[in-house]
Amino acid sequence: MSEKRFIVKEKQSLDGGKMMVLVDKETGVHYLSFINGFGPSLTPLLNENGQVMIEK
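This structure is a prediction, so every number in the text was calculated from the model and none was measured.

S.K.: Summarise the confidence of the model for the protein chain; cite the residues concerned and give the values.
M.R.: For the protein chain, mean pLDDT is 91; residues scoring 70 or higher make up 98% of the total. Predicted confidence in the protein chain is weakest over strand β4 (residues 39-44), with a mean pLDDT of 92, and strongest over strand β2 (residues 17-24), with 94.

S.K.: An account of the pattern of salt bridges is requested, with residue identities and associated values reported.
M.R.: Using the criterion set out here, one finds four salt bridges in the structure. For K25, the salt bridge identified is with E3, shortest N-O distance 2.8 Å. In this pair, K25 sits in the loop between β2 and β3 (30-36) while E3 sits in the segment before β1 (6-14), placing the two residues 22 residues apart along the sequence. Across the pair R5 and D24 runs a salt bridge, and its minimum N-O distance is 2.9 Å. Here the residue R5 occupies a position in the segment before β1, and D24 occupies one in strand β2, the gap between them amounting to 19 residues.

Rules behind the numbers
Residues numbered from 1 in each chain as written. Predicted model: local features only at pLDDT ≥ 70, side-chain atom pairs only at ≥ 80, totals over all residues. Heavy atoms only, no water. pLDDT = per-residue confidence, 0-100. Helix = DSSP H or I, 4+ residues; strand = E, 2+ residues; numbered from the N terminus. Salt bridge = Lys/Arg side-chain N within 4 Å of Asp/Glu carboxyl O.

Okay, structure coming up:
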């Protein structure tokens, strides 16, 4: 069995849905995942300069 690529950094319930911040262990990129009754969404998180957040 291979090692998991993504880790869950944070979880929250929000407006009837579930929100998670995921970190890709290979690239360090942070993603925001939101799941509700309409289906899931996934987007990279951006810093204050509009650049993709990367875990160092």
